[in-house]
Amino acid sequence: MKLFPDGVDVILNSLGGATIKKDLALLRAGGRVVCFGGAAFNDPDKGKIMGALFAIPKVVSMLTLSTLNLLFESKTVCGVNMKIIGDKRPDLLSYELKKVMEMIVDGTVEPYVTETLPWDKIGEIQQKMENRKTTGKIVLVIPEKNEENEPAPDPEVSDAVEAPEEV
């Protein structure tokens with residue numbers, strides 16, 4: 001039994017490569033695949049040169065999408081590069097991030113949190129992310145300041161830092 005026998009309207013694809021064609025098969029007429037990443041292209045275990053060679057078939061798979069098939073089946077593939085949006089349309093990025101945060105706060109969207117770790121593990125988490133050994137969101141818990149774990153202020157630093165003037 002298929003979960004969505006008529007297909008789905010939108011698929012968000014952060015992988016790229018051959019997964020896009022698989023996603024297209026899951027769409028119903030009028031559906032859209034939104035590509036916003038290329039995680040499938042990078043394999044840190046293979047190294048830079050071998051990783052690039054292994055990515056070639058994945059890139060070619062994307063280049064062989066048929067615009068005629070998209071037209072005949074009324075399906076869409078579009079791409080979003082968040083860095084470009086941030087650089088060229090910061091107003092749009094700001095608006096969209098605000099909307100996403102509103103949906104998280106009101107419970108419409110629930111982020112997939114896979115790990116919650118103390119702040120002092122940030123180096124380990126960064127390494128795992130760089131090596132693509134993570135999935136979902138990772139929450140780092142920053143300890144609250146209190147007298148027990150608060151280091152004594154350094155008098156040299158305290159005197160050198162001034163509060164900004166009020167406008």
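Quantities reported herein were computed from a predicted structural model and do not represent experimental measurements.

Calculation notes
- All residue numbers refer to positions counted from 1 along the written sequence of the respective chain.
- Side-chain atom pairs in this predicted model are given and counted only at pLDDT of 80 or more, local residue features only at pLDDT of at least 70, and totals for whole chains, interfaces and linings cover all residues.
- Hydrogen atoms and water are omitted, and side-chain values are computed over all heavy atoms in the structure.
- Note on conventions: DSSP H or I runs of at least 4 residues are helices, E runs of at least 2 residues are strands, and numbering of each starts at the N terminus.
- Under the scheme applied here, a residue whose accessible area is under 20% of the maximum for its type counts as buried, over 50% as exposed, and between as partly exposed, the area being computed with a 1.4 Å probe on protein chains only.
- Two residues qualify as a contact provided that any one of their heavy atoms is within 4.5 Å of a heavy atom in the partner residue.
- Here, Shrake-Rupley sampling with a 1.4 Å probe gives the accessible areas, and only protein chains in the shown set may cover a residue.
- Note: two strands are recorded as paired if DSSP finds a minimum of 2 bridges between them.
- Axis definition: a line fit to C-alpha positions, over the contact stretch in the case of helices; interaxial angles, taken between N-to-C directions, run 0 to 180 degrees.
- For the purpose of charge, His is not counted, nor are the chain termini; Lys and Arg are scored as positive and Asp and Glu as negative.
- What counts as a salt bridge is simple: a side-chain nitrogen of Lys or Arg found within 4 Å of a carboxyl oxygen of Asp or Glu.
- Per residue, pLDDT captures the predictor's confidence, and it can take any value from 0 to 100.
- Distance and chemistry together define a polar contact, namely a pair of N or O atoms within 3.5 Å, with one atom able to donate a hydrogen and the other to accept it when in protein, and with adjacent residues in sequence counting only for side-chain atoms on both sides.

Engineer: Break down the overall build of the protein chain for me, citing the residues and quoting the values.
Structural biologist: Counting secondary structure elements, the protein chain contains seven helices and five strands. Ordered by position from N to C terminus, the α and β elements of the protein chain give β-α-β-α-α-β-α-α-β-α-β-α. For the protein chain, the proportion of its 167 residues judged to be buried stands at 13%. In the protein chain, the share of contacts with a sequence separation of at least 24, taken over all contacts with a separation of at least 6, comes to 46%. Total accessible area on the protein chain stands at roughly 13,600 Å², and carbon and sulfur atoms take up 60% of it.

Engineer: An account of the sheet that holds strand 2 (residues 27-35) is needed here, citing residue identities and associated values.
Structural biologist: Here we have three strands laid out as an open sheet, ordered 1-2-3, and parallel in their pairing. Either end of the sheet is taken by a strand with one partner, and the two such strands are strand 1 (8-13) and strand 3 (76-79). The sheet shows a mean angle of 15° between the axes of neighbouring strands, direction not considered. Inspection of the sheet shows strand 1 paired to strand 2 by five bridges, in the parallel sense. Counterpart to V10 in the pairing with strand 2 is R32. Sheet strands touched by helix 1 (residues 19-26): strand 1, strand 2 and strand 3. Its angle to strand 2, the strand with the most contacts, is close to 150°.

Engineer: Describe the side chain of D23, naming the residues involved and giving the relevant values.
Structural biologist: Assignment of secondary structure puts D23 in helix 1. Despite being buried, D23 has no salt bridge partner; K22 is the closest side chain of opposite charge, sitting 8.6 Å away. Contacts of D23, omitting those with residues within four sequence positions, involve I11, N13 and V33.

Engineer: Go over the confidence of the model for the protein chain with me, naming the residues and quoting the values.
Structural biologist: Looking at the protein chain as a whole, its pLDDT mean stands at 79, while 69% of the residues score no less than 70. At the level of individual helices and strands, the protein chain shows its lowest average pLDDT in helix 7 (residues 155-160), which scores 47, and its highest in strand 2, which scores 94. Confidence drops under a pLDDT of 50 for residues 157-164, and excluding neighbours within four residues, the segment shows one contact in the predicted structure.

Engineer: Which residues make up the side chain of K75, and what values do they have?
Structural biologist: Along the chain, K75 turns up in the loop between helix 3 (67-73) and strand 3. Classification of K75 as buried rests on a relative accessible area of 14%. Engagement of the side chain of K75 in a polar contact is seen with the backbone oxygen of L24, the distance being 2.8 Å. Polar contacts involving the side chain of K75 include one to the main-chain carbonyl oxygen of L27, which spans 3.3 Å. Ignoring sequence-local partners within four residues, the contact set of K75 consists of L24, A25, L27, R28, G31 and L70.

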